[in-house]
Amino acid sequence: MTTKPFVLKWGIVGAGRISGFFVRDLILDPTKSGRDGDVVHAVTAVGSRSSQKAEEFIKDNCPQGGFAQQSGLLPVAPAAFGSYADVYNHPDVDIIYVGTTHPSHYEDCKNALEAGKHVLLEKPATLNKAEFKVLSELAQSKKLFLMEAVWTRFFPLTFALEKALFEDQAIGEIRRLVSDFSISFIDVVDDTHRMLNPSLGGGGLLDLGPYPLVWAMLVLYRHPKNNLNPPTNLVAAMTKFGETGIDLHTSWSMDFPNLGPGARANLSVSIGVNSPKDVVTRIQGTHGEILLPWATARPDKFIIRRSQPGRGAQDYTEEVHEFPIIGQGLHWEADAVARCIRDGKTESERMPHADTLLTMSIFDEIRRQGGYVYPEGLEKVTL
Ligand SMILES: NC(=O)C1=CN([C@@H]2O[C@H](COP(=O)(O)OP(=O)(O)OC[C@H]3O[C@@H](n4cnc5c(N)ncnc54)[C@H](OP(=O)(O)O)[C@@H]3O)[C@@H](O)[C@H]2O)C=CC1
Ligand SMILES: O=C1OC[C@@H](O)[C@H](O)[C@H]1O
């Protein structure tokens, strides 16, 4: 006997680039994209500040909705709206995907929760820790699911990497992690683009920073021996882009003193250059290293180089572990969210509120040390 899959009905707010990638992944047949198929997705409503844009978004990305609609499991067509509120109030929506620009995240998420909907909130969750704290408390008080959309955490590759590091001890004790995510936007987009525009929370840190940080969070912060102790000795530097106040290059280091004699993360982002494609993340241990090639957000392989202590970095054996990605790879995150909601959970153990609060407190401190000040009134909540 086959069991019917759980259907999660999504309402999308913000008809932009990542929302397009997200819904196109919701259309993929789970059994043909390396997933279990116990949960499937429907796209029942799309909201934009322009109704025409919402209609075009549906036509271009999901004319028949998600896989649940395409396969006949849910006979409901996706509806286009010229406001976000119509999506929050739509009876055929279980969860809101917030794919808007950074400064809108707080209010869009709050409005969705107040309308009684679960939320998957694009990264960075908010502009600061204080804003996310309000959202977390609101979601908890209303018993609604809320998660920051750090999709990289849900890749099969990421689970396999953790097994190699923590169970198999593939490189011995971890001593250092170096990760960079850099994409040159300067001279590629104009100054009004969200990446360069201070009033849209522009710059490298908020947009690209979640990805180098996610590797430090998973490999060092969530290392079984770290016992979830926050990093110490955070030291950050920012180079600013012209007179705008946003960051062009940002780098920071953090220590994890509970790991052996101590481990360090050296992390960086830039919107002025591109990361080298061959290695963007390097995890170094007492018995070798693991390399992750481009992209920091979406790697499809890792390379284990095993060596003997004291034998020098040139003397190693190499194994390549490949994890092909069908679609963009946002479907693993969407499936994990669907399972949480099916099972009545209000948080994901894989991406809990506590990890978002720590992320935002790290970003707050980097901005403090780097002198990144948001335009007046951009933050809706401050400490
Ligand atoms: N997980 C991932 O891989 C990725 C995540 N992201 C995250 O997703 C979010 C959106 O990024 P992306 O899709 O690239 O951005 P886009 O600019 O393509 O889309 C953002 C959308 O936000 C809405 N919006 C609301 N208020 C404003 C405003 N004042 N100015 C401009 N747009 C506004 C618009 O939707 P409308 O006009 O329809 O109302 C717009 O289409 C960001 O938080 C980013 O960090 C981005 C890329 C990849
Ligand atoms: O989340 C992201 O990952 C991919 C990048 O291209 C994009 O700027 C960023 O928002």
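Structure report, in brief. (Residues numbered from 1 in each chain as written. Chains lettered and ligands numbered in written order. Predicted model: local features only at pLDDT ≥ 70, side-chain atom pairs only at ≥ 80, totals over all residues. Heavy atoms only, no water.)

Points about the overall build of the protein
Reasoning step 1: Per the secondary structure count, the protein includes 11 helices and 14 strands.
Reasoning step 2: Radius of gyration (C-alpha) of the protein: 21 Å, near the 21 Å computed for a compact globule of 383 residues.
Reasoning step 3: Viewed in the frame of its principal axes, the protein has a C-alpha envelope of about 65 × 60 × 40 Å.
Reasoning step 4: Here the protein holds 383 residues, and 56% of them are scored as buried. (Helix = DSSP H or I, 4+ residues; strand = E, 2+ residues; numbered from the N terminus. Rg over C-alpha atoms; globule rule 2.2 N^0.38 Å. Buried < 20%, exposed > 50% of the residue type's maximum accessible area, 1.4 Å probe, protein only.)

Describing the sheet that holds strand S7 (residues 174-182)
Reasoning step 1: Ordered in space as S8-S9-S10-S7-S11-S12-S13-S14, the eight strands form an open sheet in which the pairing is mixed. In the strand order of this sheet, the two ends are held by strand S8 (232-240) and strand S14 (317-322), each with one partner. Taken pair by pair, the neighbouring strands of this sheet meet at an average axis angle of 10°, ignoring direction.
Reasoning step 2: In the sheet, S8 pairs with strand S9 (residues 247-256) via seven bridges, with the strands oriented antiparallel. Considered in S9, the bridge of Ala237 is made with Ser251.
Reasoning step 3: Across the sheet, helix H9 (residues 210-221) lies against S7, S9, strand S10 (263-270), strand S11 (281-285) and strand S12 (288-292), angled at about 165° from S7, the strand it touches most.
Reasoning step 4: The strands touched by helix H11 (residues 353-370) within the sheet are S8 and S9, with S8 carrying the most contacts at an inclination of about 55°. (Pairing = 2+ DSSP bridges. Axes fitted to C-alpha atoms, helices over the stretch in contact; angles between N-to-C directions. Contact = heavy atoms within 4.5 Å.)

Details of the pairing of S7
Reasoning step 1: With five bridges connecting them, S7 and S11 associate as antiparallel partners. Counted as the bridge partner of Ser179 is Thr281 from S11.
Reasoning step 2: Pairing of S7 with S10, which is carried by seven bridges, proceeds in the parallel orientation. Following the sheet pairing, Leu177 is matched in S10 by Ala265.

With respect to empty space enclosed by the protein
Reasoning step 1: In this structure the tally under the stated criterion is two cavities of 30 Å³ or more.
Reasoning step 2: Each pocket or cavity is described by its volume, and for the largest cavity that value is around 80 Å³.
Reasoning step 3: The class makeup of the residues in the lining of the largest cavity is three nonpolar, four polar and two charged.
Reasoning step 4: Every residue lining the second largest cavity is listed: Glu148, Val150, Arg153, Pro210, Leu213, Val214, Met351 and Thr359.
Reasoning step 5: By residue number, the principal contributor to the lining of the second largest cavity is H9, which donates three residues.
Reasoning step 6: Among the residues making up the lining of the second largest cavity, the classes are represented as five nonpolar, one polar and two charged. (1 Å grid on protein atoms, 1.4 Å probe; cavity = no way out; pocket = protein on both sides within 12 Å on 5 of 7 lines; lining within 4 Å. Points joined across faces, edges and corners; volume = space filled by probe spheres on them. Nonpolar A, V, L, I, M, F, W, Y, C, P; charged D, E, K, R; others polar.)

Notes on the site of ligand 2
Reasoning step 1: By nearness alone, every residue bordering ligand 2 is listed as Lys123, Ile183, Phe185, Arg194, Asp207 and Tyr211.
Reasoning step 2: Contacts to ligand 2 include Arg194, whose side-chain N or O atom sits 3.4 Å from an oxygen atom.
Reasoning step 3: Between an oxygen atom of ligand 2 and a side-chain N or O atom of Asp207, the distance comes to 2.7 Å.
Reasoning step 4: For ligand 2, the protein covers 75% of the area, taking 270 Å² as the surface of the free molecule.
Reasoning step 5: With respect to the pocket detection grid, ligand 2 is positioned in the largest pocket.
Reasoning step 6: When the residues that make up the shell around ligand 2 are grouped by side-chain class, the tally is three nonpolar, no polar and three charged. (Near = heavy atom within 4 Å. Polar contact = N/O pair within 3.5 Å; in protein donor to acceptor, adjacent residues only side chain to side chain. Areas by Shrake-Rupley, 256 points an atom, 1.4 Å probe, with all protein chains shown as cover. Sits in = over half its atoms within 2 Å of the grid points.)

What is shown is where atoms sit, not what they do.
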